[in-house]
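One-letter residues, chain by chain:
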Amino acid sequence: MPLPHSSERRIIIALDGPAGSGKSTTARKIAHTLGYVYIDTGAMYRAITLAALRAGAAIHNDALQTIVQTSRIELLPSAEGQRTLLNGEDVSTEIRSREVTETVSSVSALGVVRSAMVECQRELGNAGGVVMDGRDIGTVVFPQAELKIFLVASLEERARRRLAELGASAANITLDEMCAQLRERDRQDSEREISPLTKATDAIEIDTSSLSIDEQVSQILAFAEERTKG
Ligand code: CDP
């Protein structure tokens, strides 16, 4: 007798890659299509960075330990994808400020910050049915994720996208300056000792330089469908 068709598994989809590679837009759409929860882990590192900047804390382990212990970060699903709350305050816009962006890679290189964030991310995603984007999701947070995608795109294309995304608030930033900002953040994220940005050996690499969002979303959805069949 044939086995009954097993129900679809709700898997963990890990989406990693450098800044501006299209992770968040792609992750949001995939989560929406599959009815999964979208978790933007970069927003967590950004919220801790904002808390450190507000407190005037030095960027080292001891000071950040206190910040981590006194900061409550909540991620709330919303129509735009995710709202980020810091101690009850909606900081979704403020965490995208230039100051936070310039400091976040130094904060997220610290061991005390990483261990707290990774623990929290594992709690959020453990049950499956999540699309989590970041730098170390497939390598460190969920090495057992059923589907791992590593998105890449040329530096210039990523800078163009980031300028378009920031709109009027980036009116005084040139393409060259944006390339330099992204290059520096990529360098810091890739060269740090703990959980550097790197492609997991079993991740599927997708170069999004000349793909539309819809094209990359449908490619990933096809992989997800394969993996969710019981
Ligand atoms: O959206 P964007 O590509 O600008 O970056 P993000 O996803 O908001 O992440 C901001 C920064 O947080 C990154 O440049 C990393 O330094 C750090 N991050 C990390 O270390 N690990 C993660 N899983 C996610 C972000």
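Overview of the structure.

What the largest pocket holds in volume is close to 1100 Å³. Along the walls of the largest pocket sit 48 residues, with Asp40, Arg46, Arg96, Arg162 and Glu165 positioned nearest its centre. Elements that contribute at least two residues to the lining of the largest pocket include exactly helix H1 (23-34), strand E2 (37-40), helix H2 (41-55), strand E4 (81-86), helix H4 (98-107), strand E6 (130-134), helix H7 (155-166) and helix H8 (175-191). Residues that form the lining of the largest pocket fall into these classes: 11 nonpolar, 19 polar and 18 charged. In this model, the second largest pocket occupies a volume close to 340 Å³. For the second largest pocket, the lining is made up of 21 residues, of which Val37, Tyr38, Pro77, Ser78 and Gly81 are closest to its centre. Those elements that provide at least two residues to the lining of the second largest pocket are H1, E2, strand E3 (73-78), E4 and helix H5 (111-125). Broken down by element, the residue count for the lining of the second largest pocket peaks at six residues, all from E3.

Rolled over the atoms, a probe sized like a water molecule indicates the empty space that remains. The full count for this structure, using the stated rule, is one cavity of 30 Å³ or more. Taken together, Asp16, Gly138, Lys148, Ile149, Phe150, Thr198, Lys199, Ala200 and Ala203 make up the full set of residues lining the largest cavity. Looking at the lining of the largest cavity element by element, the count peaks at three residues for strand E7 (residues 147-152). Considered class by class, the residues forming the lining of the largest cavity number four nonpolar, two polar and three charged.

Here we take up the site of the ligand. Inspection of the region around the ligand gives 20 residues, with Arg46, Arg162, Arg185, Asp189 and Arg192 positioned closest. A distance of 3.1 Å separates an oxygen atom of the ligand from a polar side-chain atom of serine 105. Take arginine 114: an N or O atom from its side chain is 2.8 Å from an oxygen atom of the ligand. Against a free-state accessible area of 530 Å², the protein chains account for coverage of 97% of the ligand. Applying the majority rule of atoms within 2 Å of the grid points places the ligand in the largest pocket.

Turning to H7, a few remarks are in order. Between its first and last C-alpha atoms H7 spans 17 Å; for 12 residues at 1.5 Å apiece the expected length is 16 Å, and the two agree. Of all the positions in H7, only Arg158, Ala159, Arg162 and Leu163 are classed as buried. Down the axis of H7, the buried side of the element spans an arc of 135°, and every buried residue falls inside it. Exposed side chains of H7 directed beyond 90 degrees from the buried face belong to Ala164 and Glu165. Tucked into the core, H7 has its buried residues touching H2 and H8. Note on H7: the residue one or two positions beyond its end, glycine 167, has a positive phi of about 55°.

Moving on: helix H9 (residues 213-228). Taking 1.5 Å of rise per residue, 16 residues should cover 22 Å, and H9 covers 22 Å from first to last C-alpha, within 8% of that figure. The inward-facing, buried residues of H9 abut strand E1 (12-16), H1, E7 and strand E8 (204-207).

With respect to the helices, strands and loops of the structure, arginine 162 is situated in helix H7. The residues contacting arginine 162, other than those within four sequence positions of it, are Gly20, Arg46, Met178 and Arg185.

Cut-off values and rules
- Residues numbered from 1 in each chain as written.
- Predicted model: local features only at pLDDT ≥ 70, side-chain atom pairs only at ≥ 80, totals over all residues.
- Heavy atoms only, no water.
- 1 Å grid on protein atoms, 1.4 Å probe; cavity = no way out; pocket = protein on both sides within 12 Å on 5 of 7 lines; lining within 4 Å.
- Points joined across faces, edges and corners; volume = space filled by probe spheres on them.
- Helix = DSSP H or I, 4+ residues; strand = E, 2+ residues; numbered from the N terminus.
- Nonpolar A, V, L, I, M, F, W, Y, C, P; charged D, E, K, R; others polar.
- Near = heavy atom within 4 Å.
- Polar contact = N/O pair within 3.5 Å; in protein donor to acceptor, adjacent residues only side chain to side chain.
- Areas by Shrake-Rupley, 256 points an atom, 1.4 Å probe, with all protein chains shown as cover.
- Sits in = over half its atoms within 2 Å of the grid points.
- Expected span 1.5 Å × (residues − 1).
- Buried < 20%, exposed > 50% of the residue type's maximum accessible area, 1.4 Å probe, protein only.
- Arc of directions from axis to C-beta.
- Contact = heavy atoms within 4.5 Å.

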